[in-house]
2 protein chains.
Amino acid sequence: MQFQLSDELLDKIKFLIDEGNDEELLLHLEEVHHADIAEILTEVDVEKATYIVKLLNSQQTAEALMELEEDRRERILEGLSPKEIAEELNEMDTDDAADIISELSLELQQDVISEMTDEQHADDIVELLRYDENSAGGLMAKELVRVSENWSVTGCMAEMRKQAENVTRVHSIYVVDDKNKLKGRLSLKDLLTAPSNANISDIYIPAVDYVNVHTEGEEVARIMQKYDLEAIPVVDEMNRLVGRITIDDIVDFIKEEAEKDYQMAAGISEDVEADASIWRLTRARLPWLILGLFGGLGAVYVMKSYDEALSDFVELFFFTPLIAAMAGNVGVQSSAIIVQGLANDNLKGSLFNRLLKEVGLTLINGIALGTLVIIFGLIVGQPQLVSFTIALSLLTVIIIAALIGTFVPIILDKQGIDPAIATGPFITTSNDIFGIFIFFYISKTILGF
Amino acid sequence: MQFQLSDELLDKIKFLIDEGNDEELLLHLEEVHHADIAEILTEVDVEKATYIVKLLNSQQTAEALMELEEDRRERILEGLSPKEIAEELNEMDTDDAADIISELSLELQQDVISEMTDEQHADDIVELLRYDENSAGGLMAKELVRVSENWSVTGCMAEMRKQAENVTRVHSIYVVDDKNKLKGRLSLKDLLTAPSNANISDIYIPAVDYVNVHTEGEEVARIMQKYDLEAIPVVDEMNRLVGRITIDDIVDFIKEEAEKDYQMAAGISEDVEADASIWRLTRARLPWLILGLFGGLGAVYVMKSYDEALSDFVELFFFTPLIAAMAGNVGVQSSAIIVQGLANDNLKGSLFNRLLKEVGLTLINGIALGTLVIIFGLIVGQPQLVSFTIALSLLTVIIIAALIGTFVPIILDKQGIDPAIATGPFITTSNDIFGIFIFFYISKTILGF
């Protein structure tokens, strides 16, 4: 039942564009869902994509443009006149239109806005541009259904039908007083079953969750998820109803947040996609690699200072990559669990208990791993004291790595810094140096070189 | 405006439970949102939580129980009789009730179901238990608004009002024929504005997205996100309407998927939370650590076989943790970008171009890093040929690491294996051995030991 973009259809479309056969092209595309139009716009080259956008009516292409990757959308918009862009924006919800317009150059923004025919819509978009992208104001749309507490049920029904024309999905009906201050919400069921001479003030529900225009996106996502809301009204500093945020915008937001944490753990510092330019990818990746390099050079330095062990206990040097790797692995595991616990707000109990648990856990893992190291020593005929020293150092190193991995993200979070930064290269690098130092320190104490 | 669980309130609640002062306890809790009740149930000990669940009516606690972590919920349910559990389930939507019942032992499941007073509800739940947890059947709820194409608008309105009683959120009205086969959907706006003598068959929209009970969860999430759906109907093999999935269930699903990838990258193989038992955490973490250990032991073996270099080029051994770490970091970066591209279905273009781009990118990074190594060598007074050899080996090693990181997830994905498994410890471990081997091989060739 789902649309599948076949190679034949794609070839057909390319052929029709080259031929300039607009009539048949329209015939092929007019029934296609906007999400599938978006897929086609991604698969053909930019010139052809621009051609399609110009050909189809804006109702169909506005939504498709919203689905595109930012890079591709920008390049298509470059091929359109300010008037053509304005036509697309007229068809979009205010929040989407504001997102797109903010990607344009400041000069082009002015030209496009002055070409918009719907004054009110343009006004709304300009208002949204004022808010920080990551705040409730930046996430909200102006489209919503609003009724006054003073209206009668009959008057309300007529007014609502009019408003609903501009709102894709109704979700909730918000009740305001005559100063536009948010008073509560109205259930459609109550409205349908109320006597027609009743007033809205008799039937509305005076309790409603809401956020302020300045509430951060993370907080909006948390509230909407916690209370299972599909839409939440947004008020300004005077408690006036100015917009609403719907769950589909928050889904995108939640996904982006999760992806950011993931990229951070992998040592990628900007939100880049596989198809970003080499330059952007370098900027996102190189800084972490340099950090890792410094960690490695630090380890070189530590080993140099223990080179007196080379004559009698050269095996120790063969084990340094193992020690560094295990310290890194354990550190990343511990910090990932904490980062996720913080993100989901389900980290309960005292810090001390958490550290104690982490030590217990790592002790179990460390004894298992240490046993394997001793078995390996027996197999390759390594002196038993050396094997035992390595196993004991490994155990110590990973316990400390687990503590650092647990402690650092919690501290960062308390300081208001994104704890995800503590995962990945940061933890592995610091644990590299630290781990190797502890390893040689313990070895020297036991073996006495 | 948001509820904040204060320590005072919590102490008050604990005190009232100890006193057995049910009357005042009810007074404090009756107005509290179920999501906040859930927070209280998490903060107090299990006995007190069970006490609260028994005291409050099931309408309030059923939703709160759904919000809890699985472990805590299980322990609270252990304190309830089958009859009490059945009362909770009566208040839940079928999909939630089925999820909870599937967590119980088989014997208890039977007892609970036989205690349920609402036959139809119990029937629906039993039906849902048959489906795989990760399929559309396992995700769907039976609650929905269904109208027949043969009804009149007036009859439909009356019937709908009745059905809507059992459905928390209406979302969409689905139209079926007299064999319950899905025909399309009905817009509330069209229903409100249609003449009352019209038939549903005249006004419904015959096109509707749907999924089959066996469609996988990932695919449902993909379709709902792509087409921005808030609910999607589910049909059986005979195209009969059997349920619907709403976006809030999919939000949880998307989040879990993203978290699974993240945990995989961090070397945690099961979906565990920070508060899981030590035993579960060990099971999730130890296997990856053992994998890492084998990587490290492999590296020991490689270095042993190059020990003839110890006499003249001992510096090489100091650099092995650095080489291993860089190979790991680059490999994880490359694979993370691919895994995310695959998950979001935005990996376009040929494999060859992708590998070429990755090589170009890593060449830039490698030259920058190599230069730093040479500068470090100058500072510490290392023989220049050795520094140059290390820099060149580093460059080679990370290019190969980048290729492995790019290639492996793509191959796994083509084989139908979750590519996320290729990130984290898997990549770092294989790159450890590989990297160190290449490092010594190149060094031997240039330096000739």
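The name an unreviewed UniProt entry assigns to chain A is Magnesium transporter MgtE, from the organism Christiangramia salexigens. In the Sequence similarities (unreviewed entry) part of its UniProt record, chain A is described as follows: "Belongs to the SLC41A transporter family." Under the UniProt heading Function (unreviewed entry), the entry covering chain A gives this text: "Acts as a magnesium transporter."

**Q** Describe in detail the sheet that holds strand 4 (residues 211–212) of chain A, supporting the description with residues and values.
**A** All names here are of chain A. Sheet architecture is open: 3 strands sit in the order 4-5-6, paired in mixed fashion. The sheet is open, and its two borders are formed by strand 4 and strand 6 (241–246), each paired with just one other strand. The pairing of strand 4 with strand 5 (residues 231–235) spans 2 bridges and is classified as parallel. Opposite asparagine 212, over in strand 5, you have valine 235 as the bridge partner.

**Q** I'd like to hear about the environment of threonine 193 of chain B, residue by residue, with values.
**A** Its location among the elements puts threonine 193 of chain B in helix 13 (residues 188–193). When the C-alpha positions of threonine 193 of chain B and serine 393 of chain B are compared, they lie 74 Å apart, and in sequence the two are 200 residues distant.

**Q** I'd like a rundown of the packing of helix 19 (residues 320–343) of chain B against helix 21 (residues 384–414) of chain B, residues and numbers included.
**A** Residue and element names in this part refer to chain B. Put simply, helix 19 and helix 21 touch, their axes get as near as 8 Å, and they point 30° apart. On the basis of their axis angle, the class for helix 19 and helix 21 is roughly parallel. Two packed elements cross with a definite hand, and for helix 19 against helix 21 that hand is right-handed. Contacts between helix 19 and helix 21 involve Leu322, Ile323, Met326, Ala327, Val330, Gly331, Ser334, Ser335, Ile338, Val339 and Leu342 on the former and, on the latter, Leu394, Val397, Ile398, Ala401, Ala402, Gly405, Thr406, Pro409, Ile410 and Asp413. Partitioning the contact of helix 19 with helix 21 into residue classes produces 15 nonpolar, 5 polar and 1 charged.

**Q** Before we move on, could you go through the relation of the copies chain B and chain A and cite the residues and values that matter?
**A** Between chain B and chain A, the superposition needs a rotation of 180° and an axial shift of 0.1 Å, giving an RMSD of 0.3 Å. One copy is carried onto the other by what is essentially a two-fold rotation axis. Proximity to the rotation axis, assessed at the C-alpha, singles out proline 321 of chain B in chain B; its C-alpha lies 2.2 Å from the axis. Take the interface residues of chain B: 100% of them recur as interface residues in chain A, which is what a same-surface contact looks like.

**Q** Quick rundown of the pattern of salt bridges? Include the residues and the values.
**A** Tallying each qualifying case throughout the model produces 24 salt bridges over all chains. The shortest N-O distance in the salt bridge between glutamate 127 of chain A and lysine 142 of chain A comes to 3.0 Å. Of this pair, glutamate 127 of chain A sits in helix 10 (residues 119–129) while lysine 142 of chain A sits in the loop between helix 11 (136–139) and strand 1 (145–148), and the two are 15 residues apart along the sequence. Lysine 142 of chain A shares its class with glutamate 127 of chain A; the two are buried. The closest approach of N and O atoms between glutamate 308 of chain B and lysine 444 of chain B, which form a salt bridge, is 3.1 Å. Of this pair, glutamate 308 of chain B sits in the loop between helix 17 (278–304) and helix 18 (315–318) while lysine 444 of chain B sits in helix 22 (residues 425–447), and the two are 136 residues apart along the sequence. Here the residues in one salt-bridge network are Asp18, Asp45 and Lys48 of chain A, joined through shared partners.

**Q** Break down the environment of lysine 226 of chain A for me, citing the residues and quoting the values.
**A** For lysine 226 of chain A, the position within the fold is in helix 15 (residues 217–226). For lysine 226 of chain A, a relative accessible area of 16% corresponds to the buried category. Separated by 79 residues in the primary sequence, lysine 226 of chain A and valine 147 of chain A have C-alpha atoms spaced 27 Å apart. Contacts of lysine 226 of chain A, omitting those with residues within four sequence positions, involve Ala35, Asp36, Glu39 and Glu67 of chain B.

**Q** Describe the pairing of strand 5 (residues 231–235) of chain B, naming the residues involved and giving the relevant values.
**A** All names here are of chain B. Counting buried positions along strand 5 yields 5 of 5 residues, so the element is predominantly enclosed. Residues Ala231, Pro233 and Val235 of strand 5 are buried on one face, and the alternating residues Ile232 and Val234, pointing to the opposite face, are buried as well. Hairpin connection between strand 5 and strand 6 (residues 241–246): a loop of 5 residues separates the two successive antiparallel strands, and asparagine 239 in this loop has a positive phi of roughly 70°.

**Q** Explain the interface of chain B and chain A residue by residue, including any values.
**A** Of the residues lining the interface, 108 residues belong to chain B; the matching set on chain A comes to 108 residues. Buried surface at the junction of chain B and chain A, summed over both partners, amounts to about 10,100 Å²; 63% is from carbon and sulfur atoms. Broken down residue by residue, the surface that chain B buries against chain A is led by Tyr262, Arg285 and Phe318 of chain B, which jointly contribute 8%. Viewed at the interface, chain A and chain B are joined by 4 salt bridges. Linking arginine 285 of chain A and glutamate 358 of chain B is a salt bridge whose minimum nitrogen-to-oxygen distance equals 3.0 Å. Summed over the shared surface of chain B and chain A, the result is 14 residue pairs in polar contact (both at pLDDT 80 or more). Across the side of chain B that touches chain A, the residue classes break down as 57 nonpolar, 23 polar and 28 charged.

**Q** An account of the pairing of strand 3 (residues 182–186) of chain B is needed here, citing residue identities and associated values.
**A** Residues and elements named next belong to chain B. Bridge count between strand 2 (residues 173–176) and strand 3: 4 bridges; the pairing is antiparallel. Bridging across to strand 3, tyrosine 174 finds its partner in arginine 185. Hairpin remark: strand 2 followed by strand 3, antiparallel, with 5 residues in the connecting loop; positive phi at asparagine 180, about 70°.

**Q** Account for the environment of phenylalanine 317 of chain A, with residues named and values stated.
**A** For phenylalanine 317 of chain A, the position within the fold is in helix 18 (residues 315–318). Between the alpha carbons of phenylalanine 317 of chain A and methionine 303 of chain A there is a distance of 8.0 Å; along the sequence they are 14 residues apart. When residues no more than four places from it in sequence are discounted, the contact partners of phenylalanine 317 of chain A are Met303, Tyr306, Asp307, Ala309, Leu310 and Phe440 of chain A together with Met303 and Phe318 of chain B.

**Q** Give a description of the packing of aromatic side chains that names residues and reports values.
**A** Under the criterion given, the structure shown has 12 aromatic pairs over all chains. Judged by centre distance (5.3 Å) and plane angle (65°), the ring pair of phenylalanine 439 of chain A and phenylalanine 440 of chain A falls under edge-to-face. Across the pair, exposure class does not vary: phenylalanine 439 of chain A and phenylalanine 440 of chain A are buried alike. Seen from their ring centres, phenylalanine 437 of chain B and tyrosine 441 of chain B are 6.1 Å apart, and the 35° between their planes marks the pair as tilted. Taken together, the residues span about one helical turn, with phenylalanine 437 of chain B and tyrosine 441 of chain B both in helix 22 at a distance of 4 residues. A residue is classified by how much of its surface remains accessible, and phenylalanine 437 of chain B, at 39% relative accessible area, is partly exposed.

**Q** Which residues make up the nonpolar core, and what are the values?
**A** Of all hydrophobic cores here, the largest spans 122 residues; its most connected members are Ile245 of chain A together with Ile245 of chain B. Grouped together as the second largest cluster of nonpolar side chains are 81 residues, Val386 of chain A together with Leu293, Ala327 and Phe440 of chain B included.

**Q** Residues and numbers for empty space enclosed by the protein, please.
**A** For the structure shown, the criterion picks out 6 cavities of 30 Å³ or more. The space that makes up the largest cavity amounts to roughly 420 Å³. In terms of lining residues, the largest cavity is bounded by 29 residues, among which Asn329 and Thr428 of chain A together with Gly328, Asn329 and Thr428 of chain B are the most central. Of all the secondary-structure elements, those providing two or more residues to the lining of the largest cavity are helix 19 (320–343) and helix 22 (425–447) of chain A together with helix 19 and helix 22 of chain B. Ranked by the residues each element gives to the lining of the largest cavity, the list is headed by helix 19 of chain B, at 7 residues.

**Q** Go over the packing of helix 4 (residues 46–55) of chain B against helix 6 (residues 70–78) of chain B, please, and point to the residues and values.
**A** Residue and element names in this part refer to chain B. The interhelical angle for the contact between helix 4 and helix 6, taken along N-to-C directions, is 65°, at an axis separation of 9 Å. Here helix 4 lies roughly perpendicular to helix 6, going by the angle between them. Regarding helix 4 and helix 6, the two cross each other, and that crossing is right-handed. Across the interface between the two elements, Val46, Ala49, Thr50 and Val53 from helix 4 touch Arg72, Arg75 and Ile76 from helix 6.

**Q** So what's going on with the UniProt feature "transmembrane region" (unreviewed entry) in chain A? Which residues, and what values?
**A** Residues and elements named next belong to chain A. In the numbering used here, UniProt assigns the "transmembrane region" (unreviewed entry) feature to residues 286–304, 316–339, 359–379, 385–408 and 420–442. The span residues 286–304 is 100% helical and 0% strand by assignment, and the distance between its end C-alpha atoms comes to 27 Å. Helix makes up 96% of residues 316–339 and strand 0%, whereas the separation of the span's terminal C-alpha atoms amounts to 34 Å.

**Q** I'd like to hear about the sheet that holds strand 1 of chain A, residue by residue, with values.
**A** Within a sheet, adjacent strands bond to each other through the backbone by hydrogen bonds, running parallel or antiparallel. Residues and elements named next belong to chain A. The 3 strands are arranged 1-2-3 in an open sheet whose pairing can be described as mixed. Where the open sheet ends on each side, the last strands, each with one partner, are strand 1 and strand 3 (182–186). Averaged over all adjacent pairs, the angle separating strand axes in this sheet is 35°, with direction ignored.

Quick notes on the rules
Residues numbered from 1 in each chain as written. Chains lettered and ligands numbered in written order. Predicted model: local features only at pLDDT ≥ 70, side-chain atom pairs only at ≥ 80, totals over all residues. Heavy atoms only, no water. UniProt positions renumbered as here; feature names shortened; annotations may be inferred. Pairing = 2+ DSSP bridges. Helix = DSSP H or I, 4+ residues; strand = E, 2+ residues; numbered from the N terminus. Axes fitted to C-alpha atoms, helices over the stretch in contact; angles between N-to-C directions. Parallel < 35°, antiparallel > 145°, perpendicular 65-115°, else oblique. Left-handed = near helix turned anticlockwise from the far one by under 90°. Contact = heavy atoms within 4.5 Å. Nonpolar A, V, L, I, M, F, W, Y, C, P; charged D, E, K, R; others polar. Least-squares fit on C-alpha atoms with pLDDT ≥ 70 in both. Salt bridge = Lys/Arg side-chain N within 4 Å of Asp/Glu carboxyl O. Buried < 20%, exposed > 50% of the residue type's maximum accessible area, 1.4 Å probe, protein only. Buried area = accessible area lost by both parts, 1.4 Å probe. Polar contact = N/O pair within 3.5 Å; in protein donor to acceptor, adjacent residues only side chain to side chain. Phe/Tyr/Trp six-rings, centres within 6.5 Å; stacked < 30°, edge-to-face > 60°. Core = buried A, V, L, I, M, F, W, Y, C linked by side-chain atoms within 4.5 Å. 1 Å grid on protein atoms, 1.4 Å probe; cavity = no way out; pocket = protein on both sides within 12 Å on 5 of 7 lines; lining within 4 Å. Points joined across faces, edges and corners; volume = space filled by probe spheres on them.

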